[in-house]
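Architecture at a glance
If you want the building blocks of each chain, they are given just below.
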Amino acid sequence: MIRLETELIQQQGRNLELQNSSRIRATQEVVVIMVIGNPYNIAVFYEEIKDWNENSEFTNGVLLLFIDGNIFPNEILNVTLGFDLKKLSTKLETIPTNKELFKCEMKDCFSKIYNLTYPEDWDEDGDDGYLISPPTYRDYGYYIFAVGDGQKTRFLYAKLKYIMEESHHDLEHAEIREFVVDDDKVKKIESDLRKAGY
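Rules behind the numbers
Residues numbered from 1 in each chain as written. Predicted model: local features only at pLDDT ≥ 70, side-chain atom pairs only at ≥ 80, totals over all residues. Heavy atoms only, no water. Phe/Tyr/Trp six-rings, centres within 6.5 Å; stacked < 30°, edge-to-face > 60°. Helix = DSSP H or I, 4+ residues; strand = E, 2+ residues; numbered from the N terminus. Buried < 20%, exposed > 50% of the residue type's maximum accessible area, 1.4 Å probe, protein only. Patch = residues over 30% accessible without salt bridge, like charges linked within 9 Å, V, L, I, M, F, W, Y side chains within 5 Å. Areas by Shrake-Rupley, 256 points an atom, 1.4 Å probe, with all protein chains shown as cover. Salt bridge = Lys/Arg side-chain N within 4 Å of Asp/Glu carboxyl O. Lys, Arg positive; Asp, Glu negative; His and termini not counted. Charge placed at Lys NZ, Arg CZ, Asp CG, Glu CD. pLDDT = per-residue confidence, 0-100. Contact = heavy atoms within 4.5 Å. Expected span 1.5 Å × (residues − 1). Arc of directions from axis to C-beta.

**Comments concerning the packing of aromatic side chains**
- Within the structure shown, the criterion is met by eight aromatic pairs.
- Between Phe-72 and Tyr-142, the aromatic rings sit 5.3 Å apart at their centres with planes inclined by 85°, giving edge-to-face as the arrangement. Of this pair, Phe-72 sits in strand β6 (residues 70-72) while Tyr-142 sits in strand β8 (residues 142-148); the two residues are 70 residues apart in sequence, bridging distant segments of the chain.
- A residue is classified by how much of its surface remains accessible, and Phe-72, at 7% relative accessible area, is buried.
- Ring-pair connections join several aromatic residues into one group, and the members of that group are Phe-110, Tyr-114, Tyr-118, Tyr-143 and Phe-145.

Listed below in structure tokens is the structure:
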């Protein structure tokens with residue numbers, strides 16, 4: 001039988017109260033999973049996979065985002081939790097405010113932010129402030145951008161195919177999704193990641 005319960009988890013010698021932490025008990029083995037936020041709204045899930053860490057000085061595991069009830073990415077990636085979670089936490093803290101971009105049509109918004117991040121002119125510096133995706137996500141073509149209007153945050157995300165000949169991703173055929181959430185929910189996730197050491 002699988003049982004979920006909210007509990008106080010001890011991590012690195014100190015107690016951290018995480019409202020959405022859950023324990024799954026299956027047969028004799030106990031596995032602790034970390035869910036920060038509301039999966040039907042926006043949340044971060046991460047878990048160390050011990051079999052991936054037998055000969056590693058890094059903490060490897062799974063990192064998933066729940067956005068509007070959707071799991072992103074939709075495949076399991078081996079991420080370095082300490083590095084990728086820290087990057088994600090920092091990015092969530094510094095999402096830019098741009099009311100003009102916030103109001104754009106979804107595909108137009110995604111394209112504009114992508115081109116700000118990766119300008120076609122190689123001599124021009126890109127602006128990665130809107131780029132939320134942890135580095136490992138981007139290695140596999142999973143991109144998340146975010147922009148705020150001062151009260152809400154708009155997330156736009158998709159898996160992109162890279163076109164080698166053009167040194168550019170295929171935006172025309174990308175299946176882009178979006179979700180708008182109140183800023184306080186994003187700040188709460190960022191705060192809880194900080195409390196957890198990220």
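**Some thoughts on a negative patch on the surface**
- There is a patch of like negative charges on the surface, built from Asp-121, Asp-123, Glu-124 and Asp-125.
- Taking the relative accessible area as the measure of exposure, Asp-125 reaches 72% and is therefore exposed.

**A look at unusual backbone geometry**
- The omega torsion of the bond from Phe-72 to Pro-73 falls at -5°, within 30 degrees of zero and hence cis.
- If you trace the backbone, Pro-73 turns up in the loop between β6 and β7 (79-80).
- Here Asp-68, not a glycine, exhibits a phi torsion of approximately 55°, which is positive.
- For Asp-68, the location among the structural elements is in the loop between β5 (60-67) and β6.
- We classify Asp-68 as partly exposed; its relative accessible area is 38%.
- In this model, Ser-167 sits at a positive phi of 50°, which is unusual for a non-glycine residue.
- Of note, Ser-167 is situated in the loop between β10 (161-163) and β11 (168-170).
- A relative accessible area of 35% places Ser-167 in the partly exposed class.

**Overview of the confidence of the model for the protein chain**
- On average, the protein chain scores 84 in pLDDT, and the residues at 70 or more come to 83%.
- Low confidence marks residues 1-31, where pLDDT is under 50. Its contacts with residues over four positions away, or in another chain, come to 57 contacts.

**Some words on helix α1 (residues 81-93)**
- Taking 1.5 Å as the rise per residue, α1 with 13 residues should run 18 Å; its terminal C-alpha atoms sit 18 Å apart, in good agreement.
- Taken together, the buried positions of α1 are occupied by Leu-81, Asp-84, Leu-85, Leu-88, Ser-89, Lys-91 and Leu-92. Along the long axis of α1, the arc covered by the buried residues comes to 165°, so they all point the same way.
- Turning to α1, the residues buried within the fold contact β4 (42-48), β5, β7, α4 (135-139), β9 (152-159) and α5 (183-195).

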